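Okay, here's what each chain looks like letter by letter:
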Amino acid sequence: AQRVTQPEKLLSVFKGAPVELKCNYSYSGSPELFWYVQYSRQRLQLLLRHISRESIKGFTADLNKGETSFHLKKPFAQEEDSAMYYCALSGWAAGNKLTFGGGTRVLVKP
Amino acid sequence: NAGVTQTPKFQVLKTGQSMTLQCAQDMNHNSMYWYRQDPGMGLRLIYYSASEGTTDKGEVPNGYNVSRLNKREFSLRLESAAPSQTSVYFCASDRPEGGYTFGSGTRLTVV
């Protein structure tokens, strides 16, 4: 069965500091990995998908199949990055349904 | 283009009451999903519908039923609400390019 683990429930950083959100997964096969962001009491929005290999709002994420990880990074955090972040996985073996991690709350302090 | 629309946004129920959460999407997506969001547990899949006329259980289906009325609409029904169903409920539809588009959520409290 597929599983997504986000070990940190809360990350607190100062504005301008780097931030890294960890995501580890288990899946038999080739998964598709996503990062979603949820600003206060709003809907989830797609931030990144590993296939597109793009940078959104300064965030990047690299899929490391050897370590089964998909960590999200930003070199200089901004106050507007304060939000809830979810790592998610889908794949053919999962019927292409998304499985989410438990989420990491990021708080960027001024 | 409204995307995924959910109603109501907020609801308070008494234990044992029933209600239906409505969801509609205008993007002609085939698959639709209902998730519940609880602190520390992320989002857990309740039910999904891969296409019009089909529905399947997800990870936490007990206490819920669904109806895929047509391609646009996918409703979630609580027949006899329990305090354990206090949660935020999200509807989503499947983007052809991958990932989902989410609705704005329904915050449900069962007292």
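Cut-offs used in this document
Here, residues in each chain are numbered from 1, in the same order as that chain's written sequence. Throughout, the order in which chains and ligands are written sets their labels, letters from A for the former and numbers from 1 for the latter. Under the rules for a predicted model, residues below a pLDDT of 70 receive no local features and side-chain atom pairs below 80 are neither given nor counted, while totals for whole chains, interfaces and linings still include all residues. Side-chain calculation: all heavy atoms of the structure are included, whereas hydrogens and water are not. We define a nonpolar core as any set of buried Ala, Val, Leu, Ile, Met, Phe, Trp, Tyr and Cys residues linked to one another through side-chain atoms lying within 4.5 Å. When a residue's accessible area, from a 1.4 Å probe over protein chains only, is under 20% of the maximum for its type it is buried; when over 50% it is exposed; and in between it is partly exposed. Strands here are runs of E lasting at least two residues and helices are runs of H or I lasting at least four, both read from the DSSP assignment and numbered beginning at the N terminus. A contact between two residues is defined here by any heavy atoms of the two lying within 4.5 Å. By definition, the buried area sums, over both parts, the 1.4 Å-probe accessible area that each loses when the two are put together. Salt bridge, as used here: a side-chain nitrogen of Lys or Arg that lies within 4 Å of a carboxyl oxygen of Asp or Glu. Polar contacts, as counted here, are pairs of nitrogen or oxygen atoms within 3.5 Å of one another; within protein the pair requires one atom able to donate a hydrogen and one able to accept it, and residues that are adjacent in sequence qualify only if both atoms are side-chain atoms. By the convention used here, strands pair only if DSSP detects at least 2 bridges between them.

Further remarks concern the nonpolar core. Residues L21(A), W35(A), L47(A), L72(A) and Y85(A) are the most contacted members of the largest nonpolar core, which totals 26 residues. A total of 4 residues in this core trace back to one element, the largest contributor, which is strand β9 (residues 83-90) of chain A. Among the nonpolar cores identified, the runner-up in size contains 20 residues, and W34(B), Y47(B), V66(B) and L76(B) belong to it.

What follows concerns the interface of chain A and chain B. Of the residues lining the interface, 18 residues belong to chain A; the matching set on chain B comes to 20 residues. Both faces considered, chain A and chain B share a buried interface measuring about 1600 Å² in area, 53% of it formed by carbon and sulfur atoms. Contact with chain B buries surface across chain A, with R43(A), K97(A) and F100(A) losing the most and accounting together for 34% of the total. Our count for the chain A to chain B interface comes out at 0 salt bridges. Inspection of the region where chain A meets chain B yields 7 residue pairs in polar contact (both at pLDDT 80 or more).

Residues and elements named next belong to chain A. Where burial is concerned, most of strand β5 (residues 32-38) is hidden: 7 out of the 7 residues are buried. Both faces of β5 are covered, namely the face carrying E32, F34, Y36 and Q38 and the face carrying L33, W35 and V37. For β5 and β9, the ladder comprises 7 bridges, and the chain directions are antiparallel. The residue bridging Y36 from the neighbouring strand is Y86, located in β9. Taken together, the 4 bridges between β5 and strand β6 (residues 45-49) define a ladder with antiparallel strand orientation.

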